[in-house]
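Understanding the architecture of this molecule
Below are the chains, spelled out letter by letter.
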Amino acid sequence: MKKVDLPLLRDASARLLFLMKEEEYLTLLEEFKILVKQMEKIGKIEGLEDYEPMTFPFDVAIDELREDEPAEVLAREEALENAGSTYMGQIKIAKVVG
Amino acid sequence: MDILDLSIREMRQALEEGRTTPKELLEKALERAKKDDCNAFESILEKEAYEALEGLGKNSGPLYGIPYLTKDNFSVKGIETVASSNILKGYRPLYDATVTRKLKEAGAILIGQTTMDELAMGGTGMSGHLGYTYNPYDPSHKRMVGGSSSGSAAAMAEAVVPFATGSDTGDSVRRPASLAGLVGVKPTWGRISRYGLFPFAPSLDHVGYFTRYVEDAALLLGVLAGHDPHDMTSSHRPIEDYAAYLDGNIKGKTFVRILDIEESLSDKRLLEALDRLSEELIKRGAVIKKERFGKDLLESLYATYIVISCAEATSNDANLDGIKFGPYYEGKTYDEAMRKARTAGFGELIKRRFVIGSFALMKENQDVLFLRAQRNRAKVVARLNELLALGDALLIPAASGVAPEFEAGGDKLSDEYLIADNHLVLGNFGGLPSISLPLAFENGLPLGVSLTLAPFKEGEMFRLASVIEDITGLRGLSVLNRKEGNL
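Residues numbered from 1 in each chain as written. Chains lettered and ligands numbered in written order. Predicted model: local features only at pLDDT ≥ 70, side-chain atom pairs only at ≥ 80, totals over all residues. Heavy atoms only, no water.

With that out of the way, let us pick up the overall build of chain B. The helix and strand tally for chain B stands at 16 helices and 11 strands. Taking 23 Å as the expected radius of gyration for a compact globule of 487 residues, we find that chain B reaches 21 Å, a close match to that expectation. Principal-axis analysis of the C-alpha atoms gives chain B an extent of 70 × 55 × 45 Å. Counting the 487 residues in chain B, one finds 66% classified as buried. Here the contacts in chain B between residues at least 6 apart in sequence split such that 77% fall between residues at least 24 apart. Each charge sign in chain B was given a centre, from 58 positive and 67 negative side chains, and these centres are 2 Å apart. (Helix = DSSP H or I, 4+ residues; strand = E, 2+ residues; numbered from the N terminus. Rg over C-alpha atoms; globule rule 2.2 N^0.38 Å. Buried < 20%, exposed > 50% of the residue type's maximum accessible area, 1.4 Å probe, protein only. Contact = heavy atoms within 4.5 Å. Lys, Arg positive; Asp, Glu negative; His and termini not counted. Charge placed at Lys NZ, Arg CZ, Asp CG, Glu CD.)

And the structure:
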């Protein structure tokens, strides 16, 4: 496992596209120390490796297929209703290429 | 007793006999909502509620004319819904959540949206963008009502409406219900559609709700349950007549108490009340068994929950970027715009949780964090099922005691109290039906007890809970209708 330190936490928050205050990183570092210790303890629980990772409480079986036809369609205007920046029927963001 | 303090069945009866009208119910509910001093509301939808009243027509649904509140993470078409987070400011859903739609079709009238921990990721009612939500049982406002469904719990304890929705990923309905003297229900995973509920951790998320009467809880599940083509995880199992289970007969029913949970609690009054309840249950023909869960597994619950829930949340909430919805910030690049939106939009707790989740999902960390947590969840659920095989229901305290003071701490990870106050997550790990309800009072503050059963045993759950309600005498509780109880 990667070593958890302040540079790693700063990098992680940068990848998640938000900044945190310095004291928040320190709180988080303390939380990580506790969490890693507890997860190490869990790793020592007898027989743990005999269990498959549980993704959902129950199996979700789907035994029906719908026709491949549009059922409910959003109008373009509706889809854009909540966007803060639009232009000519599209979401407008900063230039990506060139 | 005011009409708003009655059960839904009694309100319906009063409506049918002409002793009240939907308009009168609505006016009284709005009047009480406006008196709230616990920061329970994101919005009071007075105009929309009167419009809904006019549109009721001859609707004869089971909730005809009954006012209700919804947690701010259920989509309500055209109404700003933000999950108490600045990242969603201004967001107006384009469709109703299935829960919202079903309640509308049943004739219920939505009168407001309630505050919550931001994006449902908290258990204290301290992290929402409008500030702390207070416990109505403490006029000094020093005590929390719990979270994340904090506003729904507070408003229900103020008896604003007879029911309110909530969501429960760890214990976010049942623990606040305990701290506020209410009935809190989390049915089986898949029993109620989650379509339109803002996701937190889908493998653990459940729709839940608050009532003040067990009979109301049974009635509501009949309205809300059922398969939904919009939610592939919703169950096809038929909806039962849950009210038919409320016959008071518990002869031969077995309740399993878990000793290592009880030993982690320091509140003597709570344990005494639990003992007295057990004695009364035995007098009515029930059997009480006392078992051990395994301390190492119980102590592992919180870390397991944090890793799984944060990992799922990090992934789910990647779409909260200020581009498609929420406040838009200008930037030279699109990621600068997103960074500005996410930095300003998320609270401190949310950011910390996202970093934990993201770290747990990194390839080099997965084995010892995410997959280990998922394996442990499987082991915990296997043990849970062994205990459920010994009886009809687990009988567990619903919280570690009365509502704690805010000063006692927020949602920071801690090495202390690993079992107490984290044990209700068992029901989420297993997707099991679970209910909490008032047990007794300690210095004017409510204590709660919970039941957890095998999947889809909601009818049995309401049967057992109604007998407990009868024993405690704590029906229809609120700060306007205080009772001491029998235990």
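There is more to say, and it comes next.
Moving on, we get to the sheet that holds strand β11 (residues 445–452) of chain B. Residue and element names in this part refer to chain B. Taken in spatial order, the 11 strands make up an open sheet running β1-β3-β2-β4-β6-β5-β10-β11-β9-β7-β8, and their pairing is mixed. Edge positions in the sheet fall to β1 (41–44) and β8 (287–291), since each of these pairs with one other strand and no more. Neighbour-to-neighbour, the strand axes of the sheet open up by a mean angle of 25 degrees, direction not taken into account. Strand direction decides the pairing type here: strand β7 (residues 254–258) and β8, joined by 5 bridges, are parallel. If you follow arginine 257 over to β8, its bridge partner there is lysine 290. Lying on the sheet, helix α16 (residues 458–472) is in contact with β5 (183–186), β6 (206–211), β7, β9 (393–397), β10 (434–442) and β11; it crosses β10 at an angle near 10 degrees. (Pairing = 2+ DSSP bridges. Axes fitted to C-alpha atoms, helices over the stretch in contact; angles between N-to-C directions.)

A full pass over the atoms with the stated rule returns 38 salt bridges over all chains. We note a salt bridge from glutamate 364 of chain B to lysine 2 of chain A, for which the minimum N-O separation is 3.3 Å. One end of the pair, glutamate 364 of chain B, is in the loop between α13 (348–361) and α14 (370–388); the other, lysine 2 of chain A, is in the segment before α1 (6–15), on a second chain. A relative accessible area of 41% means that glutamate 364 of chain B is categorised as partly exposed. Close ionic contact of lysine 47 of chain B with glutamate 51 of chain B constitutes a salt bridge, the shortest N to O distance being 3.6 Å. With lysine 47 of chain B and glutamate 51 of chain B both in helix α3 (residues 46–55), this residue pair falls 4 residues apart, about one helical turn. (Salt bridge = Lys/Arg side-chain N within 4 Å of Asp/Glu carboxyl O.)

Across the contact, 56 residues belong to chain A and 73 residues belong to chain B. Across the interface of chain A and chain B, roughly 5,700 Å² is buried in total on both sides, 69% from carbon and sulfur atoms. Considering only the side of chain A, the residues that lose the most area to chain B are Leu17, Met54 and Asn82 of chain A, jointly responsible for 12% of the buried surface there. Counting across the chain A and chain B interface gives 5 salt bridges. (Buried area = accessible area lost by both parts, 1.4 Å probe.)

What follows concerns the nonpolar core. A general feature of soluble globular proteins is that nonpolar side chains tend to end up buried together. Grouped together as the largest cluster of nonpolar side chains are 99 residues, with contacts concentrated most on Leu63, Leu103, Ile111, Leu281, Leu451 and Phe462 of chain B. Apart from residues no more than four positions distant in its own chain, leucine 281 of chain B is found in contact with Ile250, Phe255, Ala286, Ile288, Leu395, Val467, Ile468 and Ile471 of chain B. Counting residues in each nonpolar core, the second largest holds 74 residues, with Phe18 of chain A together with Ile308, Leu369 and Phe429 of chain B among its members. (Core = buried A, V, L, I, M, F, W, Y, C linked by side-chain atoms within 4.5 Å.)

Before going further, it helps to examine the pairing of β5 of chain B. Residue and element names in this part refer to chain B. Side chains Val183 and Val185 project from β5 onto one buried face, and the interleaved Gly184 and Lys186 project onto a second face that is buried too. In terms of strand pairing, β5 meets β6 through 3 bridges, oriented antiparallel. Bridging across to β6, valine 185 finds its partner in tyrosine 209.

All names here are of chain B. Close contact between helix α4 (residues 98–105) and helix α7 (residues 214–224) brings their axes to 9 Å; oriented N to C, the two are set at 110 degrees. It follows that α4 is roughly perpendicular to α7 by the angle criterion. Mapping the contact onto sequence places Val99, Lys102 and Leu103 in α4 and Leu220, Val223 and Leu224 in α7. Among the residues making up the contact of α4 with α7, the classes are represented as 5 nonpolar, no polar and 1 charged. (Parallel < 35°, antiparallel > 145°, perpendicular 65-115°, else oblique. Nonpolar A, V, L, I, M, F, W, Y, C, P; charged D, E, K, R; others polar.)

This part covers the environment of aspartate 96 of chain B. Residue and element names in this part refer to chain B. Note on placement: aspartate 96 falls in the loop between β2 (67–71) and α4. Judged by relative accessible area, aspartate 96 falls into the buried class, the value being 17%. Considered as a pair, aspartate 96 and arginine 143 are 47 residues apart in the sequence and their alpha carbons are 34 Å apart. Within the structure, aspartate 96 has its side chain in polar contact with the backbone nitrogen of lysine 77 (distance 2.7 Å). A distance of 2.8 Å separates the side chain of aspartate 96 from the side chain of lysine 104, its partner in a polar contact. (Polar contact = N/O pair within 3.5 Å; in protein donor to acceptor, adjacent residues only side chain to side chain.)

Residue and element names in this part refer to chain B. Counting through the fold element by element, asparagine 481 comes out in the segment after α16. In this structure the side chain of asparagine 481 is engaged in a polar contact, spanning 2.8 Å, whose partner is the backbone oxygen of glycine 476. If we ignore the near neighbours within four places in the chain, the residues touching asparagine 481 are Met1, Arg475 and Gly476.

Once that is clear, we can look at the pairing of β2 of chain B. Residues and elements named next belong to chain B. In terms of burial, β2 is largely enclosed, as 5 of its 5 residues are buried. Burial along β2 is two-sided: the residues Pro67, Leu69 and Lys71 and Tyr68 and Thr70 are all buried. Note that β2 and strand β3 (residues 109–114) share 5 bridges and pair parallel. For threonine 70, the partnering residue across the bridge sits in β3 and is glutamine 113. Taken together, β2, α4 and β3 constitute a β-α-β crossover, and its handedness is right-handed. Judged from the 2 bridges that link them, β2 and strand β4 (residues 163–168) form a sheet pairing that is parallel. Across the sheet, tyrosine 68 pairs through a bridge with phenylalanine 163, a residue of β4. (Right-handed = clockwise from strand over helix to strand, strands pointing away.)

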